Amino acid sequence: MGGGRSETSALSGTGGGRDMTTTQNSQRPNACCFCWCCCCSCSCLTVRNEEERRRRSRRKRISQDTKMETILNCEACTKPSADEMRLWSQSFDKLMKNPAGRNIFREFLRTEYSEENMLFWLACEDLKQEINKSCVEEKARSIYEDYISILSPKEVSLDARVREVINKKMQEPSPHTFEDAQLQIYTLMHRDSYPRFLSSTIYKSLVHGGSRTSSES
């Protein structure tokens, strides 16, 4: 009988150990709680990146399945010198202010299935130069249908706030209807595509070819 009491005590002790473990686990803080703001920010960024990847995948599929026609009317420009091309690596602004730079960058964006970002930016620049009211309204509607509408295969990636601003401004379109959206896309190209462009074969081969031509002459 003494042995029975010992066995019961041992089992009781084991149960107590489990209770203590459960209590300790329940009191253990969530590893993510101490940095809620950071985690929230990272989560939002992850969602935005995932949305952009889905858009690119959709555009790639459309391009491959339906052979979507690419707009080939590049801007008129002179052939850039080797020095000009090297300047493009110093800042995104210098690249975007140069017509030849925009053409080359657009060619790179086409390989990433994100050429619509440059096309949208160029369309906004064109709209800002328009002074005829009826032409402004027509161009604004065209830009909205081509790059803002969720039904368009060339839809650009914009957040909800900017989309809401555009929808309000579209009630009375002006040359500056898409300013917030244009800035957001410009920033996206700067932070996302521009670093990859500088590391791309397209850019490196151009700089190398330009440098070789300069040395030979």
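So, a few notes on the structure that sits alongside this text. (Residues numbered from 1 in each chain as written. Predicted model: local features only at pLDDT ≥ 70, side-chain atom pairs only at ≥ 80, totals over all residues. Heavy atoms only, no water.)

## What about the overall build of the chain?
Then, number 1: The helix and strand inventory of the chain stands at 10 helices and zero strands.
Then, number 2: Per-residue burial over the chain gives 32% buried out of 217 residues.
Then, number 3: In the chain, the share of contacts with a sequence separation of at least 24, taken over all contacts with a separation of at least 6, comes to 65%.
Then, number 4: Entry remark: accessible area of the chain is about 14,100 Å², with carbon and sulfur atoms responsible for 54%. (Helix = DSSP H or I, 4+ residues; strand = E, 2+ residues; numbered from the N terminus. Buried < 20%, exposed > 50% of the residue type's maximum accessible area, 1.4 Å probe, protein only. Contact = heavy atoms within 4.5 Å. Areas by Shrake-Rupley, 256 points an atom, 1.4 Å probe, with all protein chains shown as cover.)

## Remarks on the packing of helix α6 (residues 115–128) against helix α9 (residues 179–198)
Then, number 1: Interhelical geometry of α6 versus α9 gives an angle of 145° and a closest axis separation of 10 Å. Crossing geometry of α6 relative to α9 is assigned as left-handed. Only Glu179, Ala181, Gln182, Ile185, Tyr186, Leu188 and Met189 of α9 make contact with α6, whose side of the interface consists of Asn117, Met118, Phe120, Trp121, Cys124, Glu125 and Lys128.
Then, number 2: The class makeup of the residues in the contact of α6 with α9 is nine nonpolar, two polar and three charged. (Axes fitted to C-alpha atoms, helices over the stretch in contact; angles between N-to-C directions. Left-handed = near helix turned anticlockwise from the far one by under 90°. Nonpolar A, V, L, I, M, F, W, Y, C, P; charged D, E, K, R; others polar.)

## Things to note about the packing of α6 against helix α7 (residues 133–148)
Then, number 1: At a closest axis distance of 10 Å, the pairing of α6 and α7 adopts a crossing angle of 170°. Relative to α7, the element α6 lies roughly antiparallel. Residue-level inspection shows Glu116, Leu119, Phe120, Ala123, Cys124, Asp126 and Leu127 of α6 in contact with α7, the latter providing Val136, Lys139, Ala140, Ile143, Tyr147 and Ile148.
Then, number 2: A per-class count over the contact of α6 with α7 returns 10 nonpolar, no polar and three charged. (Parallel < 35°, antiparallel > 145°, perpendicular 65-115°, else oblique.)

## A look at α9
Then, number 1: With 20 residues, α9 should cover 28 Å at 1.5 Å per step; its first-to-last C-alpha distance of 27 Å lies within 8% of that length.
Then, number 2: Residue Asp192 marks the point of greatest curvature in α9, where the axis turns by about 35°; the proline Pro195 follows within four residues.
Then, number 3: Listed in full, the buried residues belonging to α9 are Ala181, Gln182, Gln184, Ile185, Tyr186, Met189, Ser193, Tyr194 and Phe197. (Expected span 1.5 Å × (residues − 1). Bend = angle between axes of the 7 residues up to and from the residue.)

## Description of the nonpolar core
Then, number 1: Formed by 38 residues in total, the largest nonpolar core has its most connected members in Phe105, Phe120, Phe178 and Met189.
Then, number 2: Sorting the residues of this core by element identifies α4 (92–96), α5 (99–111), α6, α7, α8 (160–169), α9 and α10 (201–216) as the ones contributing at least two each.
Then, number 3: Setting aside chain neighbours within four positions, we find Met189 in contact with Phe92, Met96, Phe105, Leu109, Asn117, Met118, Trp121 and Tyr194. (Core = buried A, V, L, I, M, F, W, Y, C linked by side-chain atoms within 4.5 Å.)

## Some details on α7
Then, number 1: With 16 residues, α7 extends 21 Å between its outermost C-alpha atoms, agreeing within 8% with the 22 Å of an ideal straight helix rising 1.5 Å per residue.
Then, number 2: Within the sequence span of α7, burial applies to Val136, Ala140, Ile143, Tyr147 and Ile148. With its buried residues spanning 75° around the axis, α7 presents them on a single face. Turned more than 90 degrees from where α7 packs its buried face, Glu138 and Glu145 sit exposed.
Then, number 3: Next to the buried residues of α7 lie α6 and α8. (Arc of directions from axis to C-beta.)

## Thoughts on the pattern of salt bridges
One side chain can pair with another of opposite charge once the charged atoms of both are near each other.
Then, number 1: Per the counting criterion, the structure on display carries 10 salt bridges.
Then, number 2: Salt-bridge contacts for Lys128 lead to Glu125; the nearest nitrogen and oxygen are separated by 2.9 Å. Highlighted residues: Lys128 and Glu125, both in helix α6, separated by three residues, approximately one helical turn.
Then, number 3: Judged by its relative accessible area of 28%, Lys128 falls in the partly exposed class.
Then, number 4: Judged by relative accessible area, Glu125 falls into the partly exposed class, the value being 26%.
Then, number 5: With its nearest N and O atoms 3.0 Å apart, the salt bridge here joins Glu130 to Lys139.
Then, number 6: Connected through salt bridges with shared partners, the residues Arg106, Arg110 and Glu115 form a single ionic network. (Salt bridge = Lys/Arg side-chain N within 4 Å of Asp/Glu carboxyl O.)

## Brief notes about the environment of Glu138
Then, number 1: By secondary structure assignment, the location of Glu138 is in helix α7.
Then, number 2: Given a relative accessible area of 52%, Glu138 falls into the exposed group.
Then, number 3: The spatial distance from the C-alpha of Glu138 to the C-alpha of Pro173 is 9.0 Å, given a sequence separation of 35 residues.

## Here we look at the packing of aromatic side chains
Then, number 1: By the definition in use, this model includes 10 aromatic pairs.
Then, number 2: Summarising the aromatic geometry, the rings of Phe120 and Phe178 are spaced 6.3 Å apart at their centres and angled 85° between planes, so their arrangement reads as edge-to-face. In this pair, Phe120 sits in helix α6 while Phe178 sits in the loop between α8 and α9, placing the two residues 58 residues apart along the sequence.
Then, number 3: You can call Phe120 buried: its relative accessible area is 0%.
Then, number 4: Three or more aromatic residues joined by ring pairs make a cluster, and in this case those are Phe92, Phe105, Phe108, Trp121, Tyr186, Tyr194, Phe197 and Tyr203. (Phe/Tyr/Trp six-rings, centres within 6.5 Å; stacked < 30°, edge-to-face > 60°.)

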